[in-house]
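For reference, the chains in residue letters:
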Amino acid sequence: MNPIRLDSFDVFVSIVRCGGFRAAALERGVSSSALSQTMNALEETLGIRLLNRTTRSVSPTEAGQRLLERLAPALSDIRLAIAEVDELRDTPSGTLRFNAPAPAVDHVLCPLAFAFMEDYREVNIDIISDAAVIDIVEQGFDAGVRFGNQLAQDMIALPLGPPLRYAIVASPGYIKKHGRPQVPHDLVRHDCVKRRFPGGTLATWRFTDGKDEIEVTPKGRLLVSSAHNELQAALAGRGIAHVFDDYAQPHIRNGGLVELLPDWSPALPHWFLYYPSRRLPSAAMRAFLDYVRRYDWQART
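Residues numbered from 1 in each chain as written. Predicted model: local features only at pLDDT ≥ 70, side-chain atom pairs only at ≥ 80, totals over all residues. Heavy atoms only, no water.

What about the environment of Glu 138?
Step number 1: Structurally, Glu 138 can be placed in the loop between strand 4 (123–129) and strand 5 (143–147).
Step number 2: On the basis of relative accessibility, which here comes to 51%, the residue Glu 138 falls in the exposed class.
Step number 3: Considered as a pair, Glu 138 and Arg 17 are 121 residues apart in the sequence and their alpha carbons are 7.9 Å apart. (Helix = DSSP H or I, 4+ residues; strand = E, 2+ residues; numbered from the N terminus. Buried < 20%, exposed > 50% of the residue type's maximum accessible area, 1.4 Å probe, protein only.)

Below, the structure written as structure tokens:
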């Protein structure tokens with residue numbers, strides 16, 4: 001048997017985890033053909049097929065699945081050993097991968113990452129915008145950003161950014177034509193911009209005046225899947241939108257939008273940056289965590 005390169009096993013795990021050669025190639029920054037050649041060489045050396053390949057999907061064979069089950073903990077140990085060696089480095093370096101919903105990316109993670117990269121020029125940042133709740137360890141991320149109620153128990157979490165709130169907004173033209181709702185229940189008679197979450201559920205709008213809590217299922221002709229599109233619709237006079245205050249404030253200040261029902265807008269909890277408690281952070285990750293703890297969000301606001 002010819003010698004087997006250890007990185008071939010890492011390539012195999014990446015292909016299975018990403019669900020195909022193309023996605024794994026994008027993640028690793030190489031070509032699909034290079035990964036295909038690596039897999040062909042590995043299968044030829046082992047004398048057994050590890051992957052079922054079709055034009056639409058890639059999945060492990062029985063032999064591939066057995067190998068995968070043994071490789072995952074071994075590769076995790078190797079990465080941990082590398083991280084421990086990295087502890088000895090004086091200068092943080094390498095790539096940090098983050099997974100976060102779009103609003104957290106736009107208003108918290110990107111500003112933080114941009115400032116961090118200015119001070120730590122040997123650290124690369126890879127940010128994936130994704131609202132789905134995932135296993136960041138299995139997906140190869142160093143950390144994620146979510147609300148506190150979405151975190152697994154084996155995670156360490158740090159508050160990230162200032163407290164949040166939603167804003168109900170509409171254009172002056174829409175208000176002139178359709179009137180202004182005075183209480184949350186008035187919204188059922190308005191054309192609201194609905195939003196679908198990644199899992200397929202539709203967003204409901206929650207309100208409180210400090211005493212009563214009200215939940216409204218918005219009704220309207222337009223259904224979108226992102227806060228950016230919801231904001232676009234409101235600016236275009238298409239209806240009333242329900243977006244994070246950070247998205248709305250610039251347009252409220254310049255007169256493009258008007259905030260509705262401000263006394264009914266509840267404060268929300270912080271975002272949290274979370275990372276696995278069982279993994280030793282690299283020097284770059286430790287530097288980033290320290291940076292988060294020192295970052296002055298109030299001054300930024």
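Quick look at the sheet that holds strand 3 (residues 94–100)
The strands making up a sheet associate through backbone hydrogen bonding, with each pair oriented either parallel or antiparallel.
Step number 1: Taken in spatial order, the 5 strands line up as 4-3-5-15-6 in an open sheet, and their pairing is mixed. Each edge of the open sheet is held by one strand with a lone partner, namely strand 4 and strand 6 (155–160). Mean inter-strand twist for the sheet, computed between neighbouring axes without regard to direction, equals 25°.
Step number 2: Inspection of the sheet shows strand 5 paired to strand 15 (residues 271–276) by 4 bridges, in the antiparallel sense. In the strand pairing of strand 15, Gly 144 is matched with Tyr 274.
Step number 3: Strand contacts of helix 5 (residues 102–119): strand 3, strand 4, strand 5, strand 6 and strand 15, with the helix running at about 175° to strand 4, the strand carrying the most contacts.
Step number 4: The sheet contacts of helix 9 (residues 283–294) involve strand 3, strand 4, strand 5, strand 6 and strand 15, and relative to strand 15 the element is tilted by about 155°. (Pairing = 2+ DSSP bridges. Axes fitted to C-alpha atoms, helices over the stretch in contact; angles between N-to-C directions. Contact = heavy atoms within 4.5 Å.)

Let's talk about helix 1 (residues 6–18)
Step number 1: For helix 1, built from 13 residues, the straight-helix expectation of 18 Å at 1.5 Å per residue is met to within 8% by its first-to-last C-alpha distance of 19 Å.
Step number 2: Listed as buried for helix 1 are Ser 8, Phe 9, Val 11, Phe 12, Val 13, Ser 14, Ile 15 and Val 16.
Step number 3: The positive-phi residue at the C-terminal boundary of helix 1 is Gly 19, with phi of around 80°. (Expected span 1.5 Å × (residues − 1).)

A closer look at the environment of Ser 32
Step number 1: Checked against the element boundaries, Ser 32 lands in helix 3 (residues 32–46).
Step number 2: Under the relative-accessibility criterion, Ser 32 is labelled partly exposed at 32%.
Step number 3: Counting along the chain gives 11 residues from Ser 32 to Phe 21, while the straight-line C-alpha distance between them is 5.5 Å.

Remarks on the packing of helix 5 against helix 9
Step number 1: As a packed pair, helix 5 and helix 9 sit with axes 11 Å apart at the nearest point and diverge in direction by 120°. Note that helix 5 runs across helix 9; the crossing there is right-handed. Of the residues in helix 9, those in contact with Leu 109, Leu 112, Ala 115, Phe 116 and Asp 119 of helix 5 are Ala 284, Ala 287, Phe 288, Tyr 291 and Val 292.
Step number 2: Its residues assigned to classes, the contact of helix 5 with helix 9 comprises 9 nonpolar, no polar and 1 charged. (Left-handed = near helix turned anticlockwise from the far one by under 90°. Nonpolar A, V, L, I, M, F, W, Y, C, P; charged D, E, K, R; others polar.)

Topic: the pairing of strand 5
Step number 1: Most of strand 5 is tucked away, with 5 of its 5 residues classed as buried.
Step number 2: Here strand 3 runs beside strand 5; their pairing, made up of 2 bridges, is parallel. In the sheet register, Asn 99 faces strand 5, and the bridge partner there is Gly 144.

Comments concerning the side chain of Ser 14
Step number 1: Its location among the elements puts Ser 14 in helix 1.
Step number 2: Under the relative-accessibility criterion, Ser 14 is labelled buried at 3%.
Step number 3: Residues in contact with Ser 14, not counting those within four places in the same chain, are Ala 24, Glu 27 and Arg 28.

What to know about helix 2 (residues 21–28)
Step number 1: Every buried residue of helix 2 is listed here: Phe 21, Ala 24 and Ala 25. Taken end-on, helix 2 shows its buried residues confined to a sector of 100°, consistent with a single buried face. Opposite the packed face of helix 2, turned more than 90 degrees from it, sit the exposed residues Arg 22 and Leu 26.
Step number 2: As for helix 2, its buried residues are in contact with helix 1, helix 3, strand 1 (51–53) and strand 2 (58–60). (Arc of directions from axis to C-beta.)

With respect to the packing of aromatic side chains
Step number 1: The final tally for this structure, using the stated rule, is 8 aromatic pairs.
Step number 2: Taken together, a centroid distance of 4.6 Å and an interplanar angle of 20° make the contact between Phe 116 and Tyr 120 stacked.
Step number 3: Ring geometry for Phe 147 against Trp 271: centres 4.3 Å apart, planes inclined by 10°, an arrangement best described as stacked. With Phe 147 in strand 5 and Trp 271 in strand 15, this pair connects stretches of sequence that are 124 residues apart.
Step number 4: Looking at Trp 271, the relative accessible area reads 4%, which means it is buried.
Step number 5: Linked through ring pairs, Phe 98, Phe 116, Tyr 120, Phe 288, Tyr 291 and Tyr 295 together constitute an aromatic cluster. (Phe/Tyr/Trp six-rings, centres within 6.5 Å; stacked < 30°, edge-to-face > 60°.)

Purely geometric numbers; function is a separate question.
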